[in-house]
Amino acid sequence: MSLVSSLAIYFIIWWIILFAILPIGVVTQEESGDVTPGTEASAPRRPQLLKKALLTTAIAAVVFAGFYWLKVHSGLTLDDLPFKPPSG
């Protein structure tokens, strides 16, 4: 697997995991009772984006390591997966 392919796959994994992690622990301004004038009440009070980006990076690294091992070292290919094409 080339470096460019590896980076592209890691990038995709990172974004998928980020979108899964973003809503975790979010408290809206309305829920906290402190709505800043000029903002939506449903806006997050403290989104903690740096913390979530670091967590995303760590989880994506583990997921990518598993993918890399399957792709490069296990010998598993798409032909090994049981897939029956639709008849028609």
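Above this note sits the structure.
A short tour of the structure in this document, coming up.

Calculation criteria
Residues numbered from 1 in each chain as written. Predicted model: local features only at pLDDT ≥ 70, side-chain atom pairs only at ≥ 80, totals over all residues. Heavy atoms only, no water. Salt bridge = Lys/Arg side-chain N within 4 Å of Asp/Glu carboxyl O. Helix = DSSP H or I, 4+ residues; strand = E, 2+ residues; numbered from the N terminus. Buried < 20%, exposed > 50% of the residue type's maximum accessible area, 1.4 Å probe, protein only. Lys, Arg positive; Asp, Glu negative; His and termini not counted. Polar contact = N/O pair within 3.5 Å; in protein donor to acceptor, adjacent residues only side chain to side chain. Contact = heavy atoms within 4.5 Å. Axes fitted to C-alpha atoms, helices over the stretch in contact; angles between N-to-C directions. Parallel < 35°, antiparallel > 145°, perpendicular 65-115°, else oblique. Left-handed = near helix turned anticlockwise from the far one by under 90°. Nonpolar A, V, L, I, M, F, W, Y, C, P; charged D, E, K, R; others polar. Core = buried A, V, L, I, M, F, W, Y, C linked by side-chain atoms within 4.5 Å.

Our focus in this paragraph is the pattern of salt bridges. Counted according to the given criterion, the structure contains 1 salt bridge. Residues Arg-45 and Asp-34 are paired through a salt bridge, measuring 2.8 Å at the closest nitrogen-oxygen approach. Of this pair, Arg-45 sits in the loop between α2 (29–32) and α3 (49–73) while Asp-34 sits in the loop between α2 and α3, placing them 11 residues apart in sequence. The class for Arg-45 is partly exposed, based on a relative accessible area of 35%.

Here we take up the side chain of Lys-52. By secondary structure assignment, the location of Lys-52 is in helix α3. There is no salt bridge for the buried Lys-52, and the closest opposite charge comes from Glu-31, which lies 11 Å off by N-O distance. There is a polar contact of 2.9 Å between the side chain of Lys-52 and the backbone oxygen of Ile-24. Excluding its chain neighbours within four sequence positions, the residues that come into contact with Lys-52 are Ile-21, Leu-22, Pro-23, Ile-24, Val-26 and Pro-47.

This brings us to the packing of helix α1 (residues 3–21) against α3. At their nearest, the axes of α1 and α3 sit 8 Å apart, and the two run at 130° to each other. Viewed along their axes, α1 and α3 adopt a mutual orientation that is oblique. Taken as a pair, α1 and α3 cross one another with a handedness that is right-handed. Residues Ser-6, Ile-9, Tyr-10, Ile-13, Trp-14, Ile-17, Leu-18 and Ile-21 of α1 form the contact with α3, whose own contacting residues are Lys-52, Ala-53, Leu-55, Thr-56, Thr-57, Ile-59, Ala-60, Ala-61, Val-63, Phe-64 and Phe-67. Class assignment of the residues belonging to the contact of α1 with α3 gives a composition of 15 nonpolar, 3 polar and 1 charged.

Right, let's get into the nonpolar core. With 7 residues, the main nonpolar core is built from Ile-13, Trp-14, Ile-17, Leu-18, Ile-21, Ala-60 and Phe-64. When contributions to this core are tallied by element, the ones reaching two or more residues are α1 and α3. For this core, the element with the highest residue contribution is α1, accounting for 5 residues. Contacts of Ile-13, omitting those with residues within four sequence positions, involve Ala-60, Val-63 and Phe-64.

What follows deals with the environment of Asp-80. With respect to the helices and strands, Asp-80 occurs in the segment after α3. Separated by 47 residues in sequence, Asp-80 and Gly-33 have C-alpha atoms that sit 55 Å apart.

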